[in-house]
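Here are the chains, one letter per residue:
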Amino acid sequence: MAQYIERYQRRRLISSYFSVVLSIALVLFLLGVLGLLVLNTKKLADHFKEQITVSVFLKDNAKPVEIEQLQKSLAMADYTKSADFVSKEDAAEQYSEDIGENFIEFLGYNPLKNSIDVNLKADYVSTAQIAEIAEELASKTYVDEVSYDKPLISLLNDNVKKISLWILIASAIFTFIAVLLINSSIRLSIYSKRFIIKTMQMVGATKKFIRKPFVWTNIKLGMLGSMIALLALGIVIYYVNTNFPELDIFNDVVVLVVLFAGIFGLGVLISWLSTHIATQRFLNLRTDDLYY
């Protein structure tokens, strides 16, 4: 009978520890994913901004040397990420693929023009700066037209600001929820041992002596839950970096170290603080109050 009770108590203890570790790991993992998103918000925004293309259409009488000089000057400009020459033949071939038929055979000639597609650096993708760049390029005698999607640029910049704000708000809310969930799991674990705490106190043990093993146990559980969360987060980061190499997440080593250290530290801090508060609460309760 005694062995059965001992096994039962051991299973309950393991189950209690498992639930605490699991809740800490899940909450910290989700918080880590959100933290990764927050730290890479600018990089994501810059990635989308740099997909904006400014097309510089050239006149038919533009000389090859003029086109080459323009492409070189654009490639060397501070605002340029890339500058690619697109011949009218290549443009016609691509357009025919897009519409599914050969429009040149129908028209009898190629109405398209040679162009240079310029992708700007993210810091220069704003309505005012692009308008200034377009005006400067359009002033050249061999440039026929400078085309870009003005509404898309305005919409993109507005949405980036809104999304960044909402991500910060969501991060703050989720951090608060994470603290509450981890705190609740640890409090439930301590609650199941409230009679042991009170018994130790009644036989003369000091509050510090009683609290110390509970604090250290839950700190270890917090560390274990944090490591599981970081392992899962590492797998997610590897997957994202493999499928979206343009984000180059592993290039920002400092950001990743700060994120991992923050998640680990948060898990330990919440575990320590929650255990300290929970044990202190039961230590201050009267014996009769333990039954409610």
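Provided above is the structure to which this section pertains.
All of the points below concern the structure found in this document. Everything numeric here is computed off the predicted structure, so don't read it as measured data.

1. Quick notes on the pairing of strand 3 (residues 115-120)
- The buried fraction of strand 3 amounts to five of the six residues, a majority that puts the element mostly inside the structure.
- Pairing analysis gives five bridges linking strand 1 (residues 53-58) to strand 3, with the strands arranged antiparallel. What sits directly across from F57, in strand 3, is S115.

2. Regarding the pattern of salt bridges
- Across all of its chains, the model carries three salt bridges by this definition.
- Between K81 and E50 there is a salt bridge, with its nearest N and O atoms 3.5 Å apart. Of this pair, K81 sits in strand 2 (residues 80-86) while E50 sits in the loop between helix 2 (41-49) and strand 1, placing them 31 residues apart in sequence.
- Between K72 and E68 there is a salt bridge; the shortest N-O distance is 3.3 Å. Placement of both K72 and E68 in helix 3 (residues 64-76) is noted, with a separation of four residues, approximately one turn of the helix.
- Overall, K72 belongs to the partly exposed group, its relative accessible area being 48%.
- Since its relative accessible area comes to 42%, E68 is described here as partly exposed.

Calculation rules
Residues numbered from 1 in each chain as written. Predicted model: local features only at pLDDT ≥ 70, side-chain atom pairs only at ≥ 80, totals over all residues. Heavy atoms only, no water. Buried < 20%, exposed > 50% of the residue type's maximum accessible area, 1.4 Å probe, protein only. Helix = DSSP H or I, 4+ residues; strand = E, 2+ residues; numbered from the N terminus. Pairing = 2+ DSSP bridges. Salt bridge = Lys/Arg side-chain N within 4 Å of Asp/Glu carboxyl O.

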